[in-house]
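One letter stands for each residue in the lines below.
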Amino acid sequence: TLQAGGVVHNCGVNDDMAKDMGDFLATDPGFDVLDMSRNQISDVGAEYLSAGLASNSSLHVLDIVENRITVSGMRAILQATCEEELLPTRALRFTGCPLFDNRSSSSADVLSVVSILGGSSCRNLRFLGLSSTGMNSDVAVQLVSALRWNKSLVVVTMADNQLDDTVATALSVNLEQNTTLQEVSLAMNRITEAGVGQMLQLSGVRRLQCVWMCGNPCSSRWYHHPFVDVDFLVNAEEMMQYV
């Protein structure tokens, strides 16, 4: 049974239960936030949830942290969020899911996600949490390229992955034409002093309110820069402020 507040985390929810949840979401029960973190939902369950999300006009936040979803399941949920014009603004967090595990992710799925995020129909997505998802720099550079055309995202988190200086550079270059992004978390990666310095010299980053950089092998002196601060952490309820 869905508890008050839409909290179903760490309850052993599997794909069959996710199907029931997808059917329930399709009835538009009126929840703003649904926390389904720390369960056992795979790409199959993500497909079921996406079917419900596509016809739900009230849900703003889906927190699906630490499930078994890969980039294929994320693509389905993104499609349900981004390609329906009448849906509400949304925040999605996939932190701790094996989205980009080399054994499960495909280049075709990654390109599909880039296409969705950079597409003209992506008007509703405000927050995208991709921290601790096994993302490497090659994948991150592809995803960041979508920011050049994206017209909706306000916050993107990519902390605790395997990202190097090439991602910092790609971020700055692609943000030159982006007008909506305000905060990015690159904390706990492999970005060096040179990467941070180059990033902050490029005009694309200067418009941001904050770039979260702690835990990288760069000097802590950058944490006093107007655009750099400590790590970015929120819970499902706090994500509502971005939608």
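To be clear, the structure that these remarks concern was listed above.
Here is what the cut-offs are and how they apply
- Residues numbered from 1 in each chain as written.
- Predicted model: local features only at pLDDT ≥ 70, side-chain atom pairs only at ≥ 80, totals over all residues.
- Heavy atoms only, no water.
- Helix = DSSP H or I, 4+ residues; strand = E, 2+ residues; numbered from the N terminus.
- Buried < 20%, exposed > 50% of the residue type's maximum accessible area, 1.4 Å probe, protein only.
- Contact = heavy atoms within 4.5 Å.
- Areas by Shrake-Rupley, 256 points an atom, 1.4 Å probe, with all protein chains shown as cover.
- Axes fitted to C-alpha atoms, helices over the stretch in contact; angles between N-to-C directions.
- Parallel < 35°, antiparallel > 145°, perpendicular 65-115°, else oblique.
- Nonpolar A, V, L, I, M, F, W, Y, C, P; charged D, E, K, R; others polar.
- Salt bridge = Lys/Arg side-chain N within 4 Å of Asp/Glu carboxyl O.
- Phe/Tyr/Trp six-rings, centres within 6.5 Å; stacked < 30°, edge-to-face > 60°.
- Lys NZ or Arg CZ within 6 Å of the ring centre and 35° of its normal.
- Pairing = 2+ DSSP bridges.

### Thoughts on the overall build of the chain
Then, number 1: Per the secondary structure count, the chain includes eight helices and eight strands.
Then, number 2: For the chain, the residues scored as buried account for 56% of the 243 residues in total.
Then, number 3: Nonlocal contacts in the chain, meaning residues at least 24 apart in sequence, comprise 84% of its contacts between residues at least 6 apart.
Then, number 4: When the accessible surface of the chain is split by element, carbon and sulfur atoms take 49% of a total near 10000 Å².

### Observations concerning the packing of helix H6 (residues 165-174) against helix H7 (residues 193-201)
Then, number 1: In contact at an axis separation of 8 Å, H6 and H7 are set at 5 degrees when each is read in the N-to-C sense. Considering the angle they form, H6 stands roughly parallel to H7. Here Asp165, Ala168, Thr169, Leu171 and Ser172 of H6 lie close against H7, whose contacting residues are Ala194, Gly195, Gln198 and Met199.
Then, number 2: Looking at the contact of H6 with H7, its residues break down into four nonpolar, four polar and one charged.

### Some details on the pattern of salt bridges
Then, number 1: For the structure shown, the criterion picks out four salt bridges.
Then, number 2: Two residues, glutamate 66 and arginine 38, come together in a salt bridge whose shortest N-O distance is 3.6 Å. Of this pair, glutamate 66 sits in the loop between strand E2 (61-63) and helix H3 (71-82) while arginine 38 sits in the loop between strand E1 (33-35) and helix H2 (43-53), and the two are 28 residues apart along the sequence.

### Examining the packing of aromatic side chains
Then, number 1: The full count for this structure, using the stated rule, is one aromatic pair.
Then, number 2: Relative to phenylalanine 31, the ring of phenylalanine 24 lies with its centre 6.4 Å away and its plane at 50 degrees, an arrangement referred to as tilted.
Then, number 3: Residue phenylalanine 31 is classed as partly exposed on the basis of its relative accessible area, which comes to 22%.
Then, number 4: Taking NZ or CZ as reference, lysine 19 lies 6.0 Å from the ring centre of tyrosine 48, over its face.

### A short note on the pairing of strand E3 (residues 90-93)
Then, number 1: Burial along E3 is two-sided: the face carrying Arg90 and Leu92 and the face carrying Ala91 and Arg93 are both buried.
Then, number 2: Two elements, E2 and E3, share three bridges in a ladder whose sense is parallel. Residue pairing across strands places leucine 62 opposite leucine 92, the latter belonging to E3.
Then, number 3: Pairing geometry for E3 and strand E4 (residues 125-129), over four bridges, is parallel. Looking across to E4, one finds that leucine 92 is bridged to leucine 128.

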